[in-house]
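Listed below, chain by chain, are the residues.
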Amino acid sequence: MKVDVLLGLQWGDEGKGKVVDVLTPDYDVITRFQGGPNAGHTLEFGNVKHVLHNIPSGIFHEDKINIVGNGVVLDPITFKQELDELKAKGFDITKNLFISKKAHLILPTHRILDAASEASKGKTKIGSTLKGIGPTYMDKTGRNGLRVGDILMNFEQKYENLKKKHIQLLSMYDFEYDITEFENGLFESIEALKQLNLIDSEHEINKYIKKGKKVLAEGAQGTMLDIDFGSYPYVTSSNTITAGACIGMGIAPNKIGEVYGIFKAYCTRVGSGPFPTELFDETGDELRKAGHEFGATTGRPRRCGWIDLVALKYAVMINGVTQLIMTKSDVLSGFKTIKVATAYKINGKIVDEFPFELPDDLEPVYKELPGWNKDLSEISSEDEFPAELKYYIDYLEEELGVPIKIISVGPGRDQTIVRD
Ligand code: GDP
Ligand code: IMO
Ligand code: MG
């Protein structure tokens, strides 16, 4: 069996958590392959909302294996908190949860370095989630990092050595911090982590593939936040794209099967950086209100705008998307017209290929489509779609050259329409 990948095509928060949860019954194994607690994946069932940060979104289904892959960065402190919160809600999920020994550890000083770096950048800050993601991946590529497997022997010594280096680095910043505040609970969390299933995940995943098990790889962030192909430097520090799944799980490219590319019916971004179709007017506020667009990890208001086909086409190309998933279609109900950016105007020139840089004075070129008034949140079949939504779907499929197989019409598990 091949590994299917589900990943975000925009700037994150496309609804990955919800859809992975919906698709999990069709799979045996769900794996995260990059990112860390910067992610906030929301899923809702039985009128209860759950937000996962480090744990794969298949975890609520009994007997499904959930793996935190080698490409992930894991903060032992927030990981334990996430497990404890789930336990308090009645979900003891540790039996089905497996963690790669090769996943890198986010340490307290990584979080401080993240905050210090952001503070030093002033207006040009990335708008990081302050979870220590950047500094941890820097230590990984700089070959200084500690991995989950390192907690099994002499962890305290290894930690002290790396902490010393970090404190030296921190002295370069004009930044005050209280290390004890950040270190609170570290060693207790390391002990808790030791009790979990720590595995050589690349071997396990390849064995599952060989045995014919169905594996779903769950992306975090989105293509426009990819370290290589996103709106650099306003990106995250990992490869969020399909190729990242090979690296972050230890599977060969020819093992990739379907690539589900997920996007919102409009577009959002949280944090700094260019966003060509951002709306600064009432329409932007309406989208934020109707879509409850506030960050699942940081609570920050998300910037909102129309869908951007230039960026989406680029994302479809980079990821080799085979099936599209459109979420939050219900949020567009009630808008008289819906705009779609088909190109950018840069220095008077029309550009329809995603460019090297997105300048401040870029103007999106819009096509306007008719909106619809019908409330979609209760509908259960495609036959109930208003004609204008059908037109919107047909138009996007034609432009993107890939079928839209799933339409999400609300945050709940059952508010999902799978098309034939
Ligand atoms: P993720 O990071 O891609 O998993 O997405 P987030 O969980 O950060 O943000 C998506 C938000 O939209 C969450 O609050 C979801 O509950 C919600 N959501 C997902 N799909 C839909 C949908 O089709 N309609 C509406 N109204 N909300 C949705
Ligand atoms: P999910 O998986 C949306 C953004 C941050 C910031 C930039 C870098 O829920 O879609 P980082 O903390 O990674 O160094 O921040 O990336 N960002 C996200 N935006 N959804 C996410 O994850 C994000 N993870 C990081 O806001 O702009
Ligand atoms: Mg999110």
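Above: the structure in question.
Residues numbered from 1 in each chain as written. Chains lettered and ligands numbered in written order. Predicted model: local features only at pLDDT ≥ 70, side-chain atom pairs only at ≥ 80, totals over all residues. Heavy atoms only, no water.

A. Broad picture of the coordination of the magnesium ion (ligand 3). For the magnesium ion (ligand 3), every protein donor is listed as Asp-13 (OD) and Gly-40 (O), and the spread of their distances is 2.1 to 2.2 Å. Placement of Asp-13 in the loop between β1 (3-8) and α1 (16-23) and of Gly-40 in the loop between β2 (29-32) and β3 (41-45) is noted, with a sequence separation of 27 residues between them. A relative accessible area of 11% means that Gly-40 is categorised as buried. (Donors = N, O, S within 2.8 Å, 3.2 Å for Na, K, Ca; no water. Helix = DSSP H or I, 4+ residues; strand = E, 2+ residues; numbered from the N terminus. Buried < 20%, exposed > 50% of the residue type's maximum accessible area, 1.4 Å probe, protein only.)

B. Expanded view of the sheet that holds strand β20 (residues 416-418). Across the sheet, which stays open at both edges, the 10 strands sit in the order β9-β7-β5-β2-β10-β1-β11-β15-β19-β20 with mixed pairing between neighbours. Among the strands making up the open sheet, the edge pair consists of β9 (197-199) and β20. Across the sheet, the mean angle from the axis of one strand to that of its neighbour is 20 degrees, orientation sign disregarded. Note that strand β7 (residues 97-100) and β9 share 3 bridges and pair parallel. Bridge pairing links Ser-100 to Ile-199 in β9. Across the sheet, helix α12 (residues 387-400) lies against β11 (256-264), β15 (323-327) and β19 (404-408), angled at about 140 degrees from β15, the strand it touches most. (Pairing = 2+ DSSP bridges. Axes fitted to C-alpha atoms, helices over the stretch in contact; angles between N-to-C directions. Contact = heavy atoms within 4.5 Å.)

C. Main features of helix α10 (residues 282-290). Among the residues of α10, those classed as buried are Gly-284, Leu-287 and Arg-288. Projected down its long axis, α10 carries its buried residues within an arc of 100 degrees, all on one side. α10 presents Glu-282 and Lys-289 as exposed residues on the side facing more than 90 degrees away from its buried surface. Contacts from the buried residues of α10 go to β13 (303-305). One or two residues past the end of α10 sits His-292, with phi positive at roughly 45 degrees. (Arc of directions from axis to C-beta.)

D. Region of the structure containing the environment of Phe-263. Summarising the element assignment, Phe-263 is placed in strand β11. Note on Phe-263: relative accessible area 0%, which makes it buried. Filtering out sequence-adjacent residues up to four positions away, Phe-263 remains in contact with Leu-9, Gln-10, Glu-14, Ile-307, Leu-312, Leu-324, Ile-325, Met-326, Thr-327, Leu-396 and Ile-404.

Geometry only, nothing functional implied.
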